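Structure assessment
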Amino acid sequence: MKREIPDNDPNAIDDALPHALRWQLRALRRDELPRTDPWAGIAARLAEPRVAPRATPTSRPAALRWGVPVALAATLALALGVAGWWQAAPSPVAPSLVQQEADGLTRQYQAAFAEVDTVPAATALAVQPAFDELDRSAQLILDALARDPDSRLLLEQLRRTYSHRLALAQRVALS
Amino acid sequence: MLTAVIERPPETSQAGASPVADIDESALVAAAARGEVAAFEALYRRHVGRVHGVIVRLVGGHGARAEDLTQEAFVRAWQALPAFRFEAAFSTWLHRLAVNTALMELRSRRSRPQDDGDDEALETIGSADSAGHATALSLDLERAVATLPPRARAVLVLYDIEGWKHEEIATELGMAIGSSKAQLHRARGLLRARLGEH
């Protein structure tokens, strides 16, 4: 497991780097121009309506993040039990198209996870960190999407993360 | 109108004397926040080098991925500009936004199986043929940093190159301060090994 260095030990790291290397690293801080100017692509996207800024980014408390598959499965079972979950009740502020896609994607994958997340206890112990990490990544992307609800890049990242989590769950289930 | 002042944006932010160099940046920011694309392009020209630079270092290389993220960072900046309150310098705000954009992508990629190399699977780059030449050394160092595992690289870039504090890194990466220190320790060890130090 990864070792953590106590917060109150500031010298534990700083002594580890030779002076010369430290300065050479600082010298790497320089401007780099893209090989192809991305302005045209940026300008094309500026026509999209601006979205009202969301709350200041904050990370959720660990307890609120997706936890163990048991909790996840329980939540999903509840979600699946609600008829018409696909179309949630209308909210006063209409979500963006990307957000709607993200919500649909989340529900679809959660349903799929629920089907494959029944893993023997011994196996679950071994793969749990990977699941936790993937769930955490997905939650971070969802948090980012809440702040930047029109980002297709984030939506694509969410799709990839869910896809990998599902692939891992399937591999575990088949092993 | 500011747009009337900006006749033509400079080619690049590194072009030296820029036609908009004398325009007060806060005026450009205010105009861009109001929706003036020409003002935003002027800001883009001024800062694209810095933004792309930090993104390249964080993702470990040039290429389409870094350029996509640079584009994404500027689009996000455009979206967020109306909320910019001049509590920090625009360049600082933009830099942080760029870092955040790159880290978001790294966090996502970190969860992918092919990126399991975050741990031990990375090959050492060719042992530096660094016979004391500054340029070669710089390139070796740049390459060595680029081949670090993504999470360790992000911490090392932010701490040792960008000058961030562990508290800031921990917040941005959603990790404990101790984990940031541990990642830095690991990154430095790997870096020194790749540079052939003992």
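This one's a predicted model, so the numbers in the text were calculated from it and none came from an experiment. All residue numbers here refer to positions counted from 1 along the written sequence of the relevant chain. As a convention, the first chain written is A and the first ligand written is 1, with the rest following in written order. The predicted nature of this model means local features are confined to residues of pLDDT at least 70 and side-chain atom pairs, given and counted, to a pLDDT of 80 or more, with totals for whole chains, interfaces and linings taken over all residues.

**Side note on the overall build of chain B**
In this description a helix means any DSSP run of H or I spanning at least four residues, a strand means any run of E spanning at least two, and both kinds are numbered starting from the N terminus. Along its length, chain B carries 9 helices and 0 strands. The linear arrangement of helices and strands in chain B, starting from the amino end, is α-α-α-α-α-α-α-α-α. Within chain B, buried positions represent 45% of all 198 residues. Counting only contacts in chain B whose residues sit at least 6 apart along the sequence, the fraction spanning at least 24 positions is 64%. Burial is judged by counting the other C-beta atoms within 10 Å of a residue's own C-beta: 20 or more makes it buried, 12 or fewer makes it exposed, and any count in between marks it as partly exposed, with every C-beta position built from the backbone. It is the C-beta atoms, placed from the backbone, that decide contacts: two residues are in contact if theirs lie within 7 Å.

**Some thoughts on the overall build of chain A**
Within chain A, the regular secondary structure consists of 7 helices and 0 strands. The linear arrangement of helices and strands in chain A, starting from the amino end, is α-α-α-α-α-α-α. Across chain A, contacts joining residues at least 24 apart in sequence account for 79% of those joining residues at least 6 apart.

**Side note on unusual backbone geometry**
Across the chain, the bulk of peptide bonds are trans and the bulk of non-glycine residues have phi less than zero. With phi around 60 degrees, B:Phe86 is a residue other than glycine that occupies positive phi space. With respect to the element layout, B:Phe86 can be found in the loop between helix H4 (64-80) and helix H5 (90-110).

**So, the packing of helix H2 (residues 25-34) of chain B against helix H3 (residues 37-59) of chain B**
All names here are of chain B. To get an axis, a line is fitted to the C-alpha atoms, and for a helix only the part in contact is used. The angle between two axes follows their N-to-C directions and goes from 0 to 180 degrees. It is at 7 Å that the axes of H2 and H3 come closest, and there the two elements cross at 130 degrees. In terms of orientation, H2 lies oblique with respect to H3. Between H2 and H3 the crossing geometry is left-handed. Taken together, the residues of H3 that come into contact with H2 (itself represented by Leu28, Val29, Ala31 and Ala32) are Ala39, Phe40, Ala42 and Leu43. For this classification, Asp, Glu, Lys and Arg are treated as charged, while Ala, Val, Leu, Ile, Met, Phe, Trp, Tyr, Cys and Pro are nonpolar and the rest, including Gly, are polar. Looking at the contact of H2 with H3 residue by residue, the class counts come to 8 nonpolar, no polar and no charged. Relative orientations are named as follows: roughly parallel for angles under 35 degrees, roughly antiparallel for angles over 145 degrees, roughly perpendicular for angles from 65 to 115 degrees, and oblique for any other angle. Crossing handedness is defined as follows: a turn of the near helix away from the far one that is anticlockwise and smaller than a right angle gives a left-handed crossing, while the clockwise case is right-handed.

**Notes on helix H7 (residues 150-161) of chain B**
Of all 12 residues in H7(B), 12 are buried; the element is thus mostly enclosed. Residues of H7(B) that are buried include every one of B:Pro150, B:Arg151, B:Ala152, B:Arg153, B:Ala154, B:Val155, B:Leu156, B:Val157, B:Leu158, B:Tyr159, B:Asp160 and B:Ile161, and no others.

**Observations regarding the packing of helix H3 (residues 39-46) of chain A against H4(B)**
In contact at an axis separation of 9 Å, H3(A) and H4(B) are set at 35 degrees when each is read in the N-to-C sense. Handedness of the H3(A)/H4(B) crossing: right-handed. Only B:Gln71, B:Phe74, B:Val75 and B:Trp78 of H4(B) make contact with H3(A), whose side of the interface consists of A:Gly41, A:Ile42, A:Arg45 and A:Leu46. Taken together, the residues of the contact of H3(A) with H4(B) sort by class into 5 nonpolar, 2 polar and 1 charged.

**Description of the confidence of the model for chain A**
Residues and elements named next belong to chain A. The predicted model of chain A averages 67 in pLDDT, with 56% of residues at 70 or higher. Per residue, pLDDT captures the predictor's confidence, and it can take any value from 0 to 100. Predicted confidence for residues 7-13 stays below pLDDT 50, and this span has 8 contacts to residues more than four positions away or in other chains. Segment residues 52-92 is flagged for pLDDT under 50; beyond a separation of four residues in sequence, or across chains, it makes 38 contacts in the model.

**Some remarks on the environment of B:His185**
Residues and elements named next belong to chain B. Within the fold, His185 resides in helix H9 (residues 177-194). Given 19 C-beta atoms within a 10 Å radius, His185 is considered partly exposed. Residues His185 and Leu156, spaced 29 residues apart in sequence, show a C-alpha to C-alpha distance of 8.7 Å.

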